[in-house]
Amino acid sequence: MNLFEDTDRGRTWREELGPGAVVLRGFALASQANILAALSEITAKVPFRHMVTPGGLRMSVAMTNCGACGWVSDRTGYRYDALDPDSGRSWPAMPELFLALAQEAAASAGFRNFAPDACLINRYQPGARLSLHQDKDERDFGQPIVSVSLGIPAIFLFGGFRRDDQPMRVPLEHGDVVVWGGPARLRYHGVMPLKAGHHAVLGEQRINLTLRKAA
Ligand code: SIN
Ligand code: FE2
């Protein structure tokens, strides 16, 4: 079911992807300038880096984090870590506006009391992709995932509960927010190789914020 909704963040268009999963079109647009300003402060302190998978592959997506803990990958596995392994220091605090945006998006999707403590920041340049995976390094699957897309468009793959279930292809644009939780929490998802493009503000890249309650 697709519905227009008038929210504090202006008129947004909701697209249900299935029980517990929704795309809130344009939900982040009203706060984009503040989001981008906060992002430049964060990435000046903790630059994007290409992490290595446990199998030894360099990820095509560059990542960094803010919040009490950050998602990291290296030869020993995936984990949330309170410290940036590159510097040994804490990640920058989660900006209040990321928290508010994530909580409003979650509430609008029916998830009250979302309390994210981790924000993974992904940078996709043309050709970068994220293979199908489940978000399952978090402790409490009762809390949803909120994902904010910025920059050039991408095709988000939203699959089922098995890696080989055929995923839906969901085009995501600058300002779109996807929320999945409850019965959808462990659905496989990923991102198709990013096509070349240009975004007026972000240039040749897509930035994605993924907010989670990790600890
Ligand atoms: C993720 O699954 O961590 C990111 C998804 C996205 O970039 O849209
Ligand atoms: Fe994910």
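First, a word on scope: everything that follows refers to the structure included in this document. As the structure is a computational prediction, the values presented were derived from the model and not from experiment.

1. Notes on the site of ligand 1
Phase 1 of the analysis: Close to ligand 1 lie Asn122, Tyr124, Leu130, His133, Ser147, Phe156, His189, Val191, Arg206, Asn208, Thr210 and Arg212, which account for all nearby residues.
Phase 2 of the analysis: A distance of 2.5 Å separates an oxygen atom of ligand 1 from a polar atom in the side chain of Tyr124.
Phase 3 of the analysis: For ligand 1, an oxygen atom lies 3.1 Å from a polar atom in the side chain of His189.
Phase 4 of the analysis: For ligand 1, whose free accessible area comes to 260 Å², the fraction covered by protein is 98%.
Phase 5 of the analysis: If you list the elements that add at least two residues to the shell around ligand 1, you get β7 (118-124), β8 (130-133), β13 (189-191) and β14 (206-212).
Phase 6 of the analysis: Ranked by residues supplied to the shell around ligand 1, first place goes to β14 with four residues.
Phase 7 of the analysis: Broken down by class, the residue content of the shell around ligand 1 amounts to four nonpolar, six polar and two charged.

2. Observations concerning the nonpolar core
Phase 1 of the analysis: In this structure, Leu39, Phe98, Val146, Val177, Leu209 and Leu211 are the most contacted members of the largest nonpolar core, which totals 60 residues.
Phase 2 of the analysis: Setting aside chain neighbours within four positions, we find Leu39 in contact with Phe98, Ile121, Leu150, Ile207 and Leu209.

3. Considering the coordination of the iron ion (ligand 2)
Phase 1 of the analysis: Protein coordination at the iron ion (ligand 2) comes from His133 (NE2), Asp135 (OD) and His189 (NE2), with a distance range of 2.1 to 2.2 Å.
Phase 2 of the analysis: Coordination at the iron ion (ligand 2) is irregular, judged from the four donor atoms that bind it and the angles of 87 to 174 degrees they form at the metal.
Phase 3 of the analysis: Taken in chain order, the donor set of the iron ion (ligand 2) reads H-x1-D-x53-H. Here His189 lies in strand β13 and Asp135 lies in the loop between β8 and β9 (145-151), a separation of 54 residues in the sequence.
Phase 4 of the analysis: Classification of His189 as buried rests on a relative accessible area of 4%.

4. Some thoughts on unusual backbone geometry
What you tend to see is this: most non-glycine residues have negative phi, and most peptide bonds are trans.
Phase 1 of the analysis: Positioned with a positive phi, Asn113 is a non-glycine residue whose angle comes to about 60 degrees.
Phase 2 of the analysis: With respect to the helices and strands, Asn113 occurs in the loop between α2 (96-108) and β7.

5. Side note on the packing of aromatic side chains
Phase 1 of the analysis: This structure, assessed with the given rule, holds four aromatic pairs.
Phase 2 of the analysis: When the ring of Phe156 is compared with that of Phe158, the centres are 5.8 Å apart and the planes differ by 25 degrees; the resulting orientation is stacked. For the pair Phe156 and Phe158, one class covers both residues: buried.
Phase 3 of the analysis: Members of the aromatic cluster, joined through ring pairs, are Phe156, Phe158 and Trp180.
Phase 4 of the analysis: Of note, Arg206 hangs over the ring of Tyr124, and the distance from its end group to the ring centre comes to 4.9 Å.

6. Topic: the sheet that holds strand β10 (residues 154-158)
Phase 1 of the analysis: Strands sit in the order β8-β13-β10-β11 across an open sheet of four strands; the sheet is antiparallel. The open sheet has two edge strands with one neighbour each: β8 and β11 (168-172). Put simply, the sheet's adjacent strands are angled 20 degrees from each other on average, direction ignored.
Phase 2 of the analysis: Sheet topology places β8 next to β13; two bridges connect them, and they run antiparallel. When the sheet's bridge partners are listed, His133 is paired in β13 with His189.

Definitions and cut-offs
Residues numbered from 1 in each chain as written. Chains lettered and ligands numbered in written order. Predicted model: local features only at pLDDT ≥ 70, side-chain atom pairs only at ≥ 80, totals over all residues. Heavy atoms only, no water. Near = heavy atom within 4 Å. Polar contact = N/O pair within 3.5 Å; in protein donor to acceptor, adjacent residues only side chain to side chain. Areas by Shrake-Rupley, 256 points an atom, 1.4 Å probe, with all protein chains shown as cover. Helix = DSSP H or I, 4+ residues; strand = E, 2+ residues; numbered from the N terminus. Nonpolar A, V, L, I, M, F, W, Y, C, P; charged D, E, K, R; others polar. Core = buried A, V, L, I, M, F, W, Y, C linked by side-chain atoms within 4.5 Å. Buried < 20%, exposed > 50% of the residue type's maximum accessible area, 1.4 Å probe, protein only. Contact = heavy atoms within 4.5 Å. Donors = N, O, S within 2.8 Å, 3.2 Å for Na, K, Ca; no water. Tetrahedral: all angles 85-135°; square planar, octahedral: opposite > 155°, others 65-115°. Phe/Tyr/Trp six-rings, centres within 6.5 Å; stacked < 30°, edge-to-face > 60°. Lys NZ or Arg CZ within 6 Å of the ring centre and 35° of its normal. Pairing = 2+ DSSP bridges. Axes fitted to C-alpha atoms, helices over the stretch in contact; angles between N-to-C directions.

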